[in-house]
Every structure is written in structure tokens, then in C-alpha cells.
Amino acid sequence: MAYQEYVYEVFRDHHDCMGMDEEEISELIEETSFAQIEKWLTKSGYDLNEYYSD
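The rules we used
Residues numbered from 1 in each chain as written. Predicted model: local features only at pLDDT ≥ 70, side-chain atom pairs only at ≥ 80, totals over all residues. Heavy atoms only, no water. Salt bridge = Lys/Arg side-chain N within 4 Å of Asp/Glu carboxyl O. Helix = DSSP H or I, 4+ residues; strand = E, 2+ residues; numbered from the N terminus. Buried < 20%, exposed > 50% of the residue type's maximum accessible area, 1.4 Å probe, protein only. Phe/Tyr/Trp six-rings, centres within 6.5 Å; stacked < 30°, edge-to-face > 60°.

Visitor: Hey, could you go over the pattern of salt bridges for me, with residue numbers and the actual values?
Guide: Counted by the stated rule, this structure contains 1 salt bridge. Two residues, Arg12 and Glu22, come together in a salt bridge whose shortest N-O distance is 2.2 Å. Of this pair, Arg12 sits in helix 1 (residues 3-17) while Glu22 sits in helix 2 (residues 22-31), and the two are 10 residues apart along the sequence. On the basis of relative accessibility, which here comes to 46%, the residue Glu22 falls in the partly exposed class.

Structure (C-alpha cells):
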């Protein structure tokens, strides 16, 4: 899995657990840059580099 796919998966899982449906999550991803999503996850406490493995 590529790093970008991993980040999107973490983002989807987080929002799914918060009660958003798949359509809402997809719209959010479409409207937000990858860099913003990565930054948001990091600020939310996710250590993306620690958990990512090729």
C-alpha cells in the first residue's frame, strides 16, 4: 500500500468511527488536499510514519 493510500485509509477510518457515512467522507476527501489531510491527522495525534509500513 502506498503512503498516500494509507493516509486516506486512516482518515476514512477515523471519520467512519465518528459517525460520518461514506459519501460524506468521500466529499471531504475530494474537497481537501492530501497535505491538509496529512497535517490534520498529525495534529489529531496520529503518528503516520510510525504505523506505516510498505
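Visitor: Run through the packing of aromatic side chains, naming residues and quoting values.
Guide: The final tally for this structure, using the stated rule, is 5 aromatic pairs. Relative to Tyr52, the ring of Tyr3 has its centre 5.3 Å away and its plane inclined at 85°; by these criteria the two rings are edge-to-face. In this pair, Tyr3 is assigned in helix 1 and Tyr52 in the segment after helix 4 (48-51), connecting sequence segments 49 residues apart. Aromatic pair Tyr8 and Phe34: ring centres 5.6 Å apart, planes at 75°, arrangement edge-to-face. Within this pair, whereas Tyr8 is found in helix 1, its partner Phe34 is found in helix 3 (residues 34-43), the two being separated by 26 residues in sequence. A residue is classified by how much of its surface remains accessible, and Phe34, at 22% relative accessible area, is partly exposed. One aromatic cluster in this structure is built from Tyr3, Tyr6, Tyr8, Phe34 and Tyr52.

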